[in-house]
Amino acid sequence: MVKHEQESTNRPDNTAFTQQRLPAWQPMLSAGIVIPGFLIIGAAFIGIGVALFVTSQSIQVLEIDYTGDDKTAPCYKCIAPNQKNCQCQISFSLNSTFKGPVFFYYALSNFFQNHRRYGVSKDDNQLFGDTSYFTSPSSSCSPYQYDSSNKPIVPCGSVANSMFSDTFQLYQVVNGTNKLVPWDGQGIAWWTDYSIKYRNPSVTPLQNAFNNTVKPINWTKPAYELDPTDSSNNGFINQDFLVWMRRAALPNFRKLYRRITQGDYAQGLPAGNYLLNINYSYPVVDFGGRKKVVLSNVSWMGGKNDFLGIAYLVIGSLCVVMSVVMLIVYAKFKFPDEE
Amino acid sequence: MSFFGLDCVRKRERELERKLRANDREFNLSFKYATNAIKTSKYNLFTFLPLNLFEQFQRIANAYFLFLLVLQVIPQISSLSWFTTVVPLVLVLTVTAAKDATDDINRHRSDNQVNNRKVQVLIDRKLRSEKWMNVQVGDIIKLENNQFVTADILLLSSSEPLNLVYIETAELDGETNLKVKQALPVTGDLGDDVEKLADFNGEVLCEPPNNRLDRFKGALTCDGQKHPLDNEKVLLRGCTLRNTEWCFGLVLFGGPETKLMQNCGKSTFKRTSIDRLMNVLVLCIFVFLGFMCTILAAGNSVWENNQGSNFTVFLPRQDGNSAAFTAFLTFWSYVIILNTLVPISLYVSVEIIRLGNSFYIDWDRKMYYARSDTPAEARTTTLNEELGQIKYIFSDKTGTLTQNIMTFNKCSINGKCYGDVFDYTGQRIEITEHTERVDFSFNPLSDPRFVFHDHALVEAVKLQSPEVQAFFRLLGLCHTVMAEEKREGELHYQAQSPDEGALVTAARNFGFVFRSRTPDSICIVEMGQQRSYELLAILDFNNVRKRMSVIVRSPEGKLCLYCKGADTIIYERLHPSCSKLMDVTTEHLNEFAGEGLRTLVLAYKDLEEEYFTQWQRRHHEASTTLDDREARLDQLYEEIETGLMLLGATAIEDKLQDGVPQTIEQLSKADIKIWVLTGDKQETAENIGYSCNLLREEMNDVFIISGNSPEDVREELRHARTSMKPDAADTEPMPGRTLGKGVKVIADEAVNGEYGLVINGPSLAYALERRMELDFLRTACMCKSVICCRVTPLQKAQVVQLVKKYKQVVTLAIGDGANDVSMIKEAHIGVGISGQEGMQAVLSSDYTFAQFRFLQRLLLVHGRWSYLRMCKFLSYFFYKNFTFTFVHFWFAFFCGFSAQTVYDEWFITLYNLMYTALPVLGMSLFDQDVNDAWSFQHPQLYVPGQLNLYFNKKAFFKCALHSCYSSMVLFFVPYAAMQDTVRDDGKDVADYQSFALLTQTCLMFTVSIQLGLEMWYWTAVNTFFVLGSLAMYFAVTFTMYSNGLFLILPSAFPFIGTARNSLNQPNIWLTILLTSTLCILPVVTYRFLLIQLCPTINNQVMFKVRQAKASPPPLPRRARIRRTSSRRSGYAFSHAQGYGDLVTSGRFLRRPAMSRSAAFTHVGRATGFSPMGRSAGYSPTGRPQNAKAPDVEVTSLQMYRTINDPAL
């Protein structure tokens, strides 16, 4: 026996793995699976599609373009260059209640926040509150790394420099008087952004951290003074700044400006006339961009988007059609044939 | 392999001639000859890193990635972080370096082992044991029996008479028979006298190192006399000393300068057709990449001019670059981004898959041969998928199809047939390993390895039936076998042809033991009684005579002529009184021939003293005359070999290897054409062709081309073609595609029915000539099987070359001997049968195993699976990477052609390495359409591989289109779904990071499901890989986007929080579902309809398997194929020419015959005994004759252990 074993020292092991006999499941695209599968998928998709479509239809959206490139437009006067503190008003009316909570967005089009050179033009370490990067910002910020007098720009880079600067006030016109619609500028950015990703340097007062630096060239006020009403909403964790810094994926985008969640309007904007006051300062006409404000409410599926619902409906229907076609083909050819 | 080692040698100035002096190290050292140390390793500890890196960067893929890396460090261009390229590159370099390092360590080890072998060297007048590597040119060394020859040495003296030594050259040229070398008398006189040897101061002047094994030129000067030296006096490194107690030699060439080392050049690097296709595709991809980048750069230029220049308010151009320059930079930026079209991991994965599939071959128990304990081995690990595409097999015969073992199987004595076993009802019983054997213990001299099953014959011998006795006496006397009796009763026969060995052994076992011979006597033990017959003449065998006779005088003084030969020849010379017996014997002969046995007819004739004396006188006269000697002798032979009395016939089985006919049948069902290229004679080859199913009775026709002039051959080829396909006679070959160098591919021509072709040696030589090769090729390729006889090794290679040249097919050559090396190297795939004739074939082969029948498993199972897997791998791999990359292309139109990536950089880095590597590897290592049993059941499954159906340019193009569709879905669906929408809490969701996450998640799902569609065989491992990779994707993504990692390196992980914030949104998941469904459903529909409308063979068999729901019954073991043919095997000696003259000369009867040798030496045979044919060793069962060394020879018990081979 021993001899026998010695003789066969080279005999390969008899395992399922080495002999390629691992037990396996061998699925096949048989008619019994594919045709009912398509039917089920089709039905499910139609169901989801209907739900999505109905939901999407129930979301109210109001878009107001205020670019002002049209001579008749209220903001036409502001598009001339070198305007300072130009204001314009746009009035609109709601025929029915705009259910709350209402979100107020600004939207830009043809704006390439997703351009590679734009995207890299910032200094994550600086924005993380590392003061050593205040004095020498990353070279990726160039040409917004140092100003003409060679002082470091904080926050540096194109992204910060191009921060959206229009501001808005919304009034409800009630009996001829303008009643300010109160809104909330907090909670419009991601929690991870203002709690972790962006940080102010731990220097008090905050302003001291910015010594020997200059504000971005396009900015009117330094970072530590972005929100004069709330001292904790300043510096790199200012939520408007954070919303801007979360750059958009596509050249047409909207960004959350304010949430109307408080006071009289927490349940929504009642029907009536409204007046939107715009501090117009952000130039977009030069590059063919447009500016809009958007009022919208949301549902479980987020903002209004008809595409998903329609796509689900179309694909669901196609699946059903295909299953019928396949059934016909199968009935006609009957593979596999019993020989 | 030993590139660097050999290079160093070559760098020295060329040596024109070599001069050396025995025992004078100082003198010899002045020439700086190489010592005997060999170095096949490439690196040492210090040179490893630089050399290995240098080599690796010579590969185009690595160099390409290095180039990308350079691009990436240019900040203006860099569209990706450096780590996206560095991580994979380093990984690849490390893995390759590790593999190279282990290989080199193994080489170091084997070098060390060889270099440290011990040999006795004469130093300072004393014999000392020295390591091989310390042996120097000019040293005198002593070799002992069974030792390897240390270096190329000049033989000085030996223990054997006449200063002969016997060497085996198996490692050098694969021949196992012993060769004789002889020292010069002047050095031979030195003997083993150390003092004399130490005083020896001969000077050798010889040729410089070269690689010609068969030639040596030089001269030895000693004591002022010059002696010429030739190859007969030189022992080469790699040989083994046999049957020689000791010998002394003078080292001429050492180490790398030995002929052995000079011969081991780098073997040609073989590449598979998939490799070549891949190269073409990669080239196409590069062109395509350039094309895409150009489009994108142009787009960038347009964008910069129209929009970018206005957008400079927010995005100023760097250093005022112009739009055109930006576009130029963008081109390179996109080269970086789109590089994933040709990912470096492709090459690594391909290697891993091939390696894995090679391991399966090594591990396969069904390709393990228990009797010789040999597993199959994939010596080349890079050719696997080619095994699934073989169209032509070129096979050797002896040792490959047959075992090169002859067994005495049946005989007909005096009209009675022996050899079959019948049960009590009179039914013939199939002889298996379990059939009861005849017990030969009554005969102490019997060969225990001899097997016979019919007890009737041994009874007949015991009953002293005179015919039976005469029959075996003839077999014991009429032959040219040499006997060697090392110990009392332990006989070893040295036969020139295995047939003779088988006959003499049969006689031995049936009680007529041939014991010894001298030039003029033969001593046999007849039923225990020693008798010495006086050998009066040997009328030797040759091709024309086809018979041999001996004339002997029995101890009683009776003169008798014993003759054996081909039936047709002997029948003509029989005495009329035998006619009745003749009829019966003829019947038996037909029966034997029908079973594929090689037959001989035996006859005898009693001679009268007077007549013989007179004849002998004339014979003597004839053999001493000068003119027309041959003819006169022939006539004399003719005269005496008449009026013979028929004794009977023998039937020898040229034992086929197990399962050969079944294998050939299977392979031909798989549409593989089998050509047998054999050195044998036409009759023998034809016979084997029938018995191994290569030629069949059912075939429409078997053409035999045996023309003696080019015109005849051409005419015969044309005729054959006309009868196969009437309109194909004179038409030009169908215009196939043109290969490079203006060579046309000859398309296959369809014929009705099955045909076979047999072509003999001279005709083949004509057919292979340039102007006829096309005729030959066309005709041969129309036949199902082709047998070429009397083929030289060179012609074997030429035939393979011919097919390779004109047919775009994959060829495989299988053989076992040194004569097959050329074709094994020439064919796309070379297979060596191990454990038969030396190691040459094995060493030059790509795959080796012990039995021909394993070939069907290698091709139909391993090859097919490997091909299937590789093709699936490639098409899926290209799909997944194209899809991945094309998304960038679509995105470019929305990001100002700025070379912004769609995905997170970490995702780009890890996509090929981690997220999708294992599932596709899993598929490529485990996938199978149907299991091995079904693969054998349906050999047609092999055909798609031959036609290159699974992966070709069309499939690649389809793949790219599919990717194009998927990538559009992957980009535009998320685009539309995220456009202007927000999260359910009103915050942003269409930001870049969320979009990136969404797209990459969609991609992961899509490619994973697509892989699921590709996979036919879901093992637990596969499932784990697929699900595990998805899980890993999420785990890694969440980790990368976690607070912790961000806090460690804020700038490296900017995606913090994206996963948490996006993946909790229902619309994100709905988009993922929609995208993956939209990508997958059309594929499912298409495939389903394809299966319904035009099902492939795979589909059909898979459905059949499904219906059977169980493995098929194992292939019924075919009963022995019995033909009812009247074909008759010819005279079966496989050797070309007898050597009766040698026997009578006593030249190779060693010591005992010494005194006579001088007188009997024939001029023409001065080099000693070296049979022309194959090895002379003989073993009737089991073991191959070249049992490595006598000390490891198996005992009889081991021989007869019953082995149940699972493969049968």
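Residues numbered from 1 in each chain as written. Chains lettered and ligands numbered in written order. Predicted model: local features only at pLDDT ≥ 70, side-chain atom pairs only at ≥ 80, totals over all residues. Heavy atoms only, no water.

Defined as follows: UniProt positions are given in the numbering used here, feature names are shortened, and annotations may be inferred rather than shown by experiment.
Chain B is annotated in an unreviewed UniProt entry as Phospholipid-transporting ATPase of Betta splendens. The UniProt entry for chain B carries the following text under Catalytic activity (unreviewed entry): "ATP + H2O + phospholipidSide 1 = ADP + phosphate + phospholipidSide 2." Regarding chain B, the UniProt comment filed under Sequence similarities (unreviewed entry) reads as follows: "Belongs to the cation transport ATPase (P-type) (TC 3.A.3) family. Type IV subfamily."

Per an unreviewed UniProt entry, chain A is named Cell cycle control protein, and its organism is Betta splendens. One UniProt comment on chain A, placed under Subcellular location (unreviewed entry), says "Membrane". For chain A, the Sequence similarities (unreviewed entry) comment in UniProt is given as "Belongs to the CDC50/LEM3 family."

1. Structural notes on the overall build of chain B
Counted only if it meets this: Only DSSP runs of H or I reaching four residues or more are called helices, and only runs of E reaching two or more are called strands; each is numbered from the N terminus. Residue contacts are defined here by distance: any two heavy atoms, one from each residue, within 4.5 Å place the two residues in contact.
If you tally the helices and strands in chain B, you get 42 helices and 36 strands. Here the contacts in chain B between residues at least 6 apart in sequence split such that 74% fall between residues at least 24 apart.

2. Thoughts on unusual backbone geometry
Residue and element names in this part refer to chain A. Residue Pro155 is reached from Val154 by a cis peptide bond, and omega for that bond is -10°. If you trace the backbone, Pro155 turns up in the loop between α5 (132-135) and α6 (158-161). In this structure, Asn150 is a non-glycine residue whose phi angle is positive, near 65°. Here Asn150 is to be found in the loop between α5 and α6.

3. As for the side chain of B:Thr885
All names here are of chain B. Short version of the rule: The buried label goes to any residue with under 20% of its type's maximum accessible area, the exposed label to any with over 50%, and the partly exposed label to all in between, with areas taken from a 1.4 Å probe on protein chains only.
Examined against the element boundaries, Thr885 turns out to sit in helix α28 (residues 854-892). According to the relative accessible area criterion, Thr885 is buried, its value standing at 0%. The contact partners of Thr885, leaving out residues within four places of it in the chain, are Ile337, Leu338, Thr340 and Leu341.

4. Digging into the nonpolar core
Keep this limit in mind: Residue types Ala, Val, Leu, Ile, Met, Phe, Trp, Tyr and Cys, when buried and joined through side-chain atoms within 4.5 Å, form a set referred to as a nonpolar core.
If you look at the biggest cluster of nonpolar residues, it comprises 213 residues, and the most contacted ones within it are A:Phe111, A:Phe168, A:Trp244, A:Leu269, B:Leu874 and B:Phe878. Examining the composition of this core, we find that 18 residues originate from one element, α28(B), more than from any other. Apart from residues no more than four positions distant in its own chain, A:Leu269 is found in contact with A:Leu94, A:Ser96, A:Thr97, A:Phe98, A:Val102, A:Leu170, A:Val181, A:Ile260, A:Tyr274 and A:Leu295. If you look at the next biggest cluster of nonpolar residues, it comprises 51 residues, including B:Tyr418, B:Phe450, B:Val481 and B:Phe514.

5. Some thoughts on the UniProt feature "binding site: Mg(2+)" (unreviewed entry) in chain B
Residue and element names in this part refer to chain B. We apply this condition: Under this definition, polar contacts are N or O atom pairs within 3.5 Å; protein pairs additionally need one hydrogen-donor-capable and one acceptor-capable atom, and for neighbouring residues in sequence, both atoms have to be side-chain atoms.
Within this structure's numbering, the places UniProt gives as "binding site: Mg(2+)" (unreviewed entry) are Asp396, Thr398, Asp816 and Asp820. Taking the farthest pair of C-alpha atoms as the criterion, the annotated set spanning 425 residues converges on one region, since that pair is 10.6 Å apart. On the secondary structure map, Asp816 appears in the loop between β33 (810-815) and α26 (821-826). Within the structure, the side chain of Asp816 is placed 3.4 Å from the side chain of Thr400, a separation counted as a polar contact. Tracing the chain through its elements places Asp820 in the loop between β33 and α26. With a relative accessible area of 0%, Asp820 lands in the buried category. When near neighbours in sequence (up to four residues on either side) are disregarded, Asp820 contacts Asp396, Lys796 and Gly815.

6. Notes on the domain arrangement of chain A
Keep this limit in mind: All domain edges in this entry derive from an automatic or database-based domain assignment.
Domain annotation of chain A identifies domain 1 (34-59 + 300-339) and domain 2 (67-297). Just the C-alpha atoms count here: the centres of domain 1 of chain A and domain 2 of chain A sit 43 Å apart.

7. Some remarks on the environment of B:Thr883
Residues and elements named next belong to chain B. For Thr883, the location among the structural elements is in helix α28. Accessibility expressed as a relative area gives 0% for Thr883, which makes it buried. When the C-alpha atoms of Thr883 and Glu534 are compared, they prove to be 89 Å apart, with 349 residues separating the residues in sequence. Setting aside its immediate chain neighbours within four residues, Thr883 contacts Tyr903, Ser963, Ser966, Ser967, Leu970 and Leu1003.

8. What to know about the sheet that holds strand β27 (residues 673-677) of chain B
Residue and element names in this part refer to chain B. Quick reminder of the rule: By this definition, two strands are paired if DSSP reports at least two bridges between them.
What the 9 strands build is an open sheet, ordered β14-β35-β34-β33-β15-β27-β32-β31-β28; its pairing is mixed. In the strand order of this sheet, the two ends are held by β14 (377-378) and β28 (701-705), each with one partner. Where β28 and strand β31 (residues 755-759) come together, 5 bridges link them in parallel fashion. Note on β31: the bridge partner recorded for Ile705 is Ile759.

9. As for the interface of chain B and chain A
When the parts of a complex come together, some accessible area is lost, and that lost area is often used as the size of the interface. For the record, the criterion: Accessible area, probed at 1.4 Å, shrinks when two parts are joined; the buried area is that loss added up over both. Each reported salt bridge corresponds to a side-chain nitrogen of Lys or Arg within 4 Å of a carboxyl oxygen of Asp or Glu. For this scheme, ten residues count as nonpolar: Ala, Val, Leu, Ile, Met, Phe, Trp, Tyr, Cys and Pro. Four count as charged, namely Asp, Glu, Lys and Arg, and the remainder, Gly too, count as polar.
The interface is formed by 110 residues belonging to chain B together with 100 residues belonging to chain A. Interface of chain B and chain A: buried area, both sides summed, is about 9,400 Å²; carbon and sulfur atoms make up 62% of it. Among the residues chain B hides against chain A, the three largest losses belong to B:Phe314, B:Arg365 and B:Phe1088. Together they make up 9% of the total. Between chain B and chain A we count 3 salt bridges in total. For the salt bridge of B:Asp988 with A:Lys255, the shortest nitrogen-to-oxygen distance reads 3.6 Å. In this assembly, chain B and chain A are joined by 35 residue pairs in polar contact (both at pLDDT 80 or more). For the side of chain B that touches chain A, the leading source of residues is helix α38 (residues 1066-1093) of chain B, giving 17 residues. Taken together, the residues that form the side of chain B that touches chain A break down as 54 nonpolar, 35 polar and 21 charged. Sheet topology places strand β1 (residues 24-25) of chain A next to strand β36 (residues 1018-1019) of chain B; 2 bridges connect them, and they run antiparallel. Considered in β36(B), the bridge of A:Trp25 is made with B:Trp1018.

10. Re the UniProt feature "transmembrane region" (unreviewed entry) in chain A
Residue and element names in this part refer to chain A. Cross-referencing UniProt, the feature "transmembrane region" (unreviewed entry) maps to residues 33-54 and 310-331 in the present numbering. Taken end to end, residues 33-54 is 100% helix and 0% strand, and its two terminal C-alpha atoms sit 31 Å from one another. Counting secondary structure, residues 310-331 comes out at 100% helix and 0% strand; the distance between its end C-alpha atoms is 32 Å.

11. Here we look at the domain arrangement of chain B
Its domain assignment divides chain B into domain 1 (44-117), domain 2 (135-261), domain 3 (344-357 + 861-1101), domain 4 (367-400 + 656-725 + 750-860) and domain 5 (402-655). On a C-alpha basis, the centroid separation for the pair domain 2 of chain B and domain 5 of chain B is 42 Å.

12. With respect to the pattern of salt bridges
Residue and element names in this part refer to chain B. On inspection of all chains with the given rule, the structure shows 62 salt bridges over all chains. Linking Glu144 and Lys142 is a salt bridge whose minimum nitrogen-to-oxygen distance equals 3.8 Å. According to the relative accessible area criterion, Glu144 is partly exposed, its value standing at 31%. Three or more residues are tied together by salt bridges with common partners; here these are Arg545, Arg547, Glu572, Arg573, Glu638 and Glu641.

13. Thoughts on the packing of aromatic side chains
Rule in force here: Classification of ring pairs uses Phe, Tyr and Trp, with its six-membered ring standing for Trp, and accepts pairs whose centres are within 6.5 Å; under 30 degrees between planes counts as stacked, over 60 as edge-to-face, and the remaining range as tilted. Two thresholds decide whether a charge sits over a ring: the Lys NZ or Arg CZ must be within 6 Å of the ring centre and within 35 degrees of the ring normal.
Inspection of every chain in the model, using the stated rule, returns 115 aromatic pairs over all chains. Between A:Trp219 and A:Phe241, the ring centres sit 5.7 Å apart and the planes meet at 80°, which makes this aromatic pair edge-to-face. Here A:Trp219 is found in the loop between α8 (206-209) and α9 (239-245), whereas its partner A:Phe241 is found in helix α9, with 22 residues between them in sequence. A residue is classified by how much of its surface remains accessible, and A:Trp219, at 7% relative accessible area, is buried. Cation over ring: A:Arg247 sits above B:Tyr992, and NZ or CZ is 4.5 Å from the ring centre. For B:Lys880, the ring lying beneath its charged end belongs to B:Phe877, and the centroid distance is 4.4 Å.

14. So, the state of the cysteines
All names here are of chain A. To be explicit about the condition: By disulfide we mean two sulfur atoms from cysteines, separated by a distance within 2.5 Å.
All told, the structure shown has 3 disulfides over all chains when counted by the stated rule. Disulfide pairing is shown between Cys78 and Cys86; the S-S distance is 1.7 Å. Disulfide Cys78-Cys86: torsion about the S-S bond near -70°, hence left-handed. Given the relative accessible area of 4%, Cys78 is considered buried. Of the residues examined, Cys86 reaches a relative accessible area of 7% and is grouped as buried. A disulfide bridge connects Cys141 with Cys156, and the sulfur atoms are separated by 1.9 Å. In this pair, Cys141 sits in the loop between α5 and α6 while Cys156 sits in the loop between α5 and α6, placing the two residues 15 residues apart along the sequence. For Cys141, a relative accessible area of 0% corresponds to the buried category.

15. Structural notes on the sheet that holds strand β8 (residues 253-260) of chain A
Whether parallel or antiparallel, the strands of a sheet pair through hydrogen bonds between backbone atoms. Residues and elements named next belong to chain A. Here is the rule: Only the stretch in contact is used when fitting a helix axis, every axis being a line fitted to C-alpha atoms; angles between N-to-C directions are given from 0 to 180 degrees.
One open sheet accounts for 4 strands, arranged β2-β11-β5-β8; its pairing is antiparallel. A strand with exactly one partner marks an edge of an open sheet, and here the two such strands are β2 (61-65) and β8. Direction aside, neighbouring strands of the sheet carry axes that sit 20° apart on average.

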